[in-house]
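Architecture at a glance
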Amino acid sequence: MIQVENLQKYFKKTVKQPGFMGSVKSIFHSEKETVKAVDDISFHVDKGEILGFIGPNGAGKSTVIKMLTGILTPTAGNCIINGQNPQKNRKKYVKEIGVVFGQRTQLWWDLPLTETYAVLREIYEVDEAKFTKQMEFLNEVLELQPFINSPVRTLSLGQRMRADIAASLLHNPKVLFLDEPTIGLDVVVKDNIRRAISKINREEGTTVILTTHDLEDISSLCKRIVMIDHGKKVYDGSLYNLKQKYGQMRELNFEAADENSILALDYENAFASNGLGEGDLTFKADGTMVTVAFNTDKISVEQMLNYTLGTVHVKDINVKDADIEEIIRRLYKGDAEHGGSI
Amino acid sequence: MRKFLKTYLPFTRAGIHGATAYRANFIAWFIGDIMYCFVMYYVWRAVFASSGSSTFNGFSMTDMVVFLFVTNLTGYLTESDGSFAVGEEVRDGNIAMRLIKPVSFDMTFLFNELGQKSLTFTLIFVPMLAGVEIYKYFTYGRVMFSIGTFALYMLSVAMSYMFSFYMNVCFGFMAFFLKNLWGFNILKSSILRFLSGSVIPLAFMPDTLRSVMEWLPFSSLSYTPVMIYMGKYSGQEAALRLMLQFVWVIGFYIISKIILSAALKHVTVQGG
């Protein structure tokens, strides 16, 4: 369904010198530097698959999505989606895809939702019967009814995002691109949106590419992920494998009652018998705030909490899942250890 | 053609909605504009008073009043927000949302603006023009309005608008390269106001300058339709002027297409 081969995108960026004089100088003379936003990326997606496309901020995810949706022209490389090249015959191509950019809206700011959908129906030439049916379906999964007559500018972020997703699905596209569809939303809305995406994928066989920073999105929706960093692909495979290999890190954050009691903590010694390797345990203290990152393969959460709570008086404590940045850090370490084989 | 209209008329509807969403803004803009007309009226009255004669380069004071108001009214219909709208979408990156829809880029802007224009036409243009005609009736003591002249005027206005639209689109696309058009927009509009003859009638210019300005495309923005309305052109000259307008519309349409396709290859979407 989606074939991406050796995709590249270079940007020319103006280098600004710091300070007022630097700004003045840059008006008359500017230095250019080339940034490789996307550097030789290849992957493919099958029909009906949901692919998670992840990476840290600035990795080049959005740039790839923009090339796949025909907004940007690649510097080099090829992509064929649904048998078409997005850069050739844009109007024909975009008729069969749906796109949501979480940070922007495709809805008309001043129009009520119903009007927007009516406009989209004309643009995509959806016939009346199909439109009614699709609207009913979207209404049911995304619960649009309460705000369907309000102008878009009065909607909350969660409502707007649901409305945006509905707008991208009105014409029943074959491929759906979602660029951070859950950004800034609360847990309930996130959950609604996830359920909607998976339902649409199941019932319509829509192929989905999803970028996100939220590991929950990935684990509830995608079987396969592609991870990129600095414009290069660093992982392509199942989520399960990645988590097995690198996702076992947890982060313990707590605030100690007083600074002196932190001195009593000695994690290295306490878990010396667990056979710790490089990077399995890191300790950082800043005043009374302490962060401990640890590998749950070696040290269980229970062990960690027992030891910590038994040694210091704690005002506040929480344990966090490894975030994507952490997994990527681990991935690089693993890469070096295993001689570059993933 | 029917499919074309079905695709783009919704944008016109959206334009009407958009204009009515901010009513106070609309009214404030209108009042400000009328005030400008009266300021200009008093300026010209002072000019006429100090010149000591009742006509000035073939314009009587009555002509001058008609010129001021009709120029302003024509401006309502022919001015295009294109460069601002395109430039703004490029600057904040929202252009991406237009590119993911199966519609032509310039047509969506055009039809959207036609929505606003249809509102301006019925709510402001028609009543104000009736006012100008009533003023003429009382000064000259007879009805001066001719359907034929008015039809020619509307034809000229339509071409002025198309020219204005495509020129602004060309200019707006420059935002792809310049990233921000704010300063250039101000520069552009002050130059245009002079070159289009909307502040000072081109007839008041020295002969050589006048003929250069009349051949430049910018005179067709405002001066040509206003002169047609005022009956200052002979039939033959009016025909020539209309032809010239048509040529410029086609010219700028082609230029805008070239710039667009070059720009889309250069697109860098700003902000995420």
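Residues numbered from 1 in each chain as written. Chains lettered and ligands numbered in written order. Predicted model: local features only at pLDDT ≥ 70, side-chain atom pairs only at ≥ 80, totals over all residues. Heavy atoms only, no water.

Let us now look at the overall build of chain B. Helices and strands together make up the secondary structure of chain B, namely 12 helices and two strands. In chain B, the succession of α and β elements from N to C terminus is α-α-β-β-α-α-α-α-α-α-α-α-α-α. Whereas a compact globule of 272 residues would reach a radius of gyration of roughly 19 Å, chain B reaches 20 Å, a difference of no more than 12%. For chain B, the spread of C-alpha atoms along the three principal axes comes to 65 × 40 × 35 Å. Each of the 272 residues in chain B was classed as buried or not, and the buried ones make up 50%. Relative to all contacts within chain B whose residues are 6 or more apart in sequence, the contacts with residues 24 or more apart total 79%. Carbon together with sulfur atoms contributes 70% to the accessible area of chain B, which is approximately 13,100 Å² in total. Each charge class in chain B can be summarised by its mean position, and for the 20 positive and 13 negative side chains these summaries are 7 Å apart. (Helix = DSSP H or I, 4+ residues; strand = E, 2+ residues; numbered from the N terminus. Rg over C-alpha atoms; globule rule 2.2 N^0.38 Å. Buried < 20%, exposed > 50% of the residue type's maximum accessible area, 1.4 Å probe, protein only. Contact = heavy atoms within 4.5 Å. Areas by Shrake-Rupley, 256 points an atom, 1.4 Å probe, with all protein chains shown as cover. Lys, Arg positive; Asp, Glu negative; His and termini not counted. Charge placed at Lys NZ, Arg CZ, Asp CG, Glu CD.)

Below, the discussion takes up the packing of helix H3 (residues 61–78) of chain B against helix H7 (residues 147–173) of chain B. Residues and elements named next belong to chain B. One way to put it is that H3 packs onto H7 with a least axis distance of 9 Å and a crossing angle of 55 degrees. Accordingly, the angle class assigned to the pair H3 and H7 is oblique. In this structure, the crossing between H3 and H7 has a hand that is right-handed. From H3, Val 70, Thr 74, Leu 77 and Thr 78 reach across to H7, where they touch Tyr 153, Met 154, Val 157, Ser 160, Tyr 161 and Ser 164. When the residues that make up the contact of H3 with H7 are grouped by side-chain class, the tally is six nonpolar, four polar and no charged. (Axes fitted to C-alpha atoms, helices over the stretch in contact; angles between N-to-C directions. Parallel < 35°, antiparallel > 145°, perpendicular 65-115°, else oblique. Left-handed = near helix turned anticlockwise from the far one by under 90°. Nonpolar A, V, L, I, M, F, W, Y, C, P; charged D, E, K, R; others polar.)

Residues and elements named next belong to chain B. Packing of H3 against helix H11 (residues 219–229) leaves a shortest axis separation of 9 Å and a crossing angle of 125 degrees. Relative to H11, H3 is oriented oblique. Here the hand of the crossing between H3 and H11 comes out right-handed. Between H3, through Val 66, Phe 67, Val 70, Thr 71, Thr 74 and Thr 78, and H11, the contact on the second element is made entirely by Leu 221, Ser 222, Tyr 223, Pro 225, Val 226, Met 227 and Tyr 229.

Residues and elements named next belong to chain B. On the surface, a cluster of nonpolar side chains totalling about 670 Å² of accessible area is made up of Ile 134, Tyr 137, Phe 138, Val 143, Phe 145 and Ile 147. Tallying contributions element by element places helix H6 (residues 105–140) first for the nonpolar patch, with three residues. Of note, Phe 145 is situated in the loop between H6 and H7. (Patch = residues over 30% accessible without salt bridge, like charges linked within 9 Å, V, L, I, M, F, W, Y side chains within 5 Å. Salt bridge = Lys/Arg side-chain N within 4 Å of Asp/Glu carboxyl O.)

All names here are of chain A. For strand E5 (residues 97–101), the buried fraction is high: five of the five residues fall into the buried class. By the alternation rule, side chains of E5 split into Ile 97, Val 99 and Phe 101 and Gly 98 and Val 100, which are all buried. Note that E5 and strand E6 (residues 175–179) share five bridges and pair parallel. If you follow Gly 98 over to E6, its bridge partner there is Leu 176. (Pairing = 2+ DSSP bridges.)

For the rest of this paragraph, the subject is the interface of chain B and chain A. On the side of chain A, 29 residues touch chain B, which itself brings 32 residues to the contact. Summed over both partners, the interface of chain B with chain A buries about 2,800 Å², with 61% contributed by carbon and sulfur atoms. On the chain B side of the interface with chain A, the three residues burying the most area are B:Ile100, B:Lys101 and B:Pro102, jointly 24% of the side's total. On the surface where chain B and chain A come into contact, there are one salt bridge. (Buried area = accessible area lost by both parts, 1.4 Å probe.)

By themselves, these figures tell us nothing about what the structure is for.
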